[in-house]
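# Observations on the three-dimensional arrangement
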Amino acid sequence: MRFNIVKSNLVKSLAIALPLTVLSACSSMSDSDEQSQVDTNAQITQNAKDAQEAADSVQVTAAKRAAAIEEEKRQELAALRAEHIIYFDFDVSNVSEHYGAILDAHAQFLNANPDIKVLIEGNTDERGTPEYNIALGERRAKSVATYLENMGVPADQLTVVSYGEEKPADRGRSEAAFAKNRRVVLVY
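An unreviewed UniProt entry annotates the protein as Peptidoglycan-associated lipoprotein originating from Colwellia echini. A UniProt comment under Subcellular location (unreviewed entry) is attached to the protein, and it reads "Cell outer membrane". Its UniProt record, at the heading Sequence similarities (unreviewed entry), says of the protein: "Belongs to the Pal lipoprotein family."

### Examining the pairing of strand β2 (residues 118-123)
Buried residues dominate β2, accounting for five of its six residues. For β2 and strand β3 (residues 158-164), the ladder comprises six bridges, and the chain directions are parallel. Residue pairing across strands places leucine 119 opposite threonine 159, the latter belonging to β3. Once the chain exits β2 it traverses helix α3 (residues 130-150) before rejoining the sheet at β3, and the crossover so formed is right-handed. The pairing of β2 with strand β4 (residues 183-187) spans four bridges and is classified as antiparallel. In the strand pairing of β4, isoleucine 120 is matched with leucine 186.

About the cut-offs
- Each chain has its residues counted from 1, running along the sequence as written.
- In keeping with the predicted nature of the model, local features appear solely for residues at pLDDT of at least 70, side-chain atom pairs appear and are counted solely at 80 or more, and the whole-chain, interface and lining totals rest on all residues.
- Water and hydrogen atoms play no part in the side-chain values, which are based on all heavy atoms of the structure.
- UniProt positions are given in the numbering used here, feature names are shortened, and annotations may be inferred rather than shown by experiment.
- Burial classes follow relative accessibility: with a 1.4 Å probe on protein chains only, a residue under 20% of its type's maximum area counts as buried, one over 50% as exposed, and anything between as partly exposed.
- Secondary structure elements follow DSSP: runs of H or I of four or more residues count as helices, runs of E of two or more count as strands, with numbering from the N terminus.
- At least two DSSP bridges between two strands are required for those strands to pair.
- We call a crossover right-handed when, viewed with both strands directed away from the observer, the connection leading from the first strand over the helix to the second proceeds clockwise.

Listed below in structure tokens is the structure:
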């Protein structure tokens, strides 16, 4: 009987100890799981914050690059406007080789910026009839337009007009004044 009492006490002790052990094990796992969940949530929050900072950085970088490109375009256009006049000899409508580099720069700019259009104004000095000078001014402007088209500039970016002798750059009657009036002006 003593054995049964010991056995019974042992069974009772086990019956009480086993659930307490399991419960304490579950409880410690629960604390561990909670900490793990807190760590995971913190990592997710940090990852989202890092991703947002990276996206903001990319947007700022893209905006700065776009502004730099726009500023570069403005500076290039300003430089082209500074060298936008092609001069011609008396009664000549062919573009001189001297102006090839200038027209090449204009062509390169226009090819890189297909949304920009240019007005090509042909002008002459006052010698000759008004009709002849209008025709000569047009030939000069078309000569420049042809040069640009040969450099790949689409014709729809170019508009040709002739003013003949109507818009002199210099109203003087000297050869130097006449030379300033025999020109094509590229107007952006």
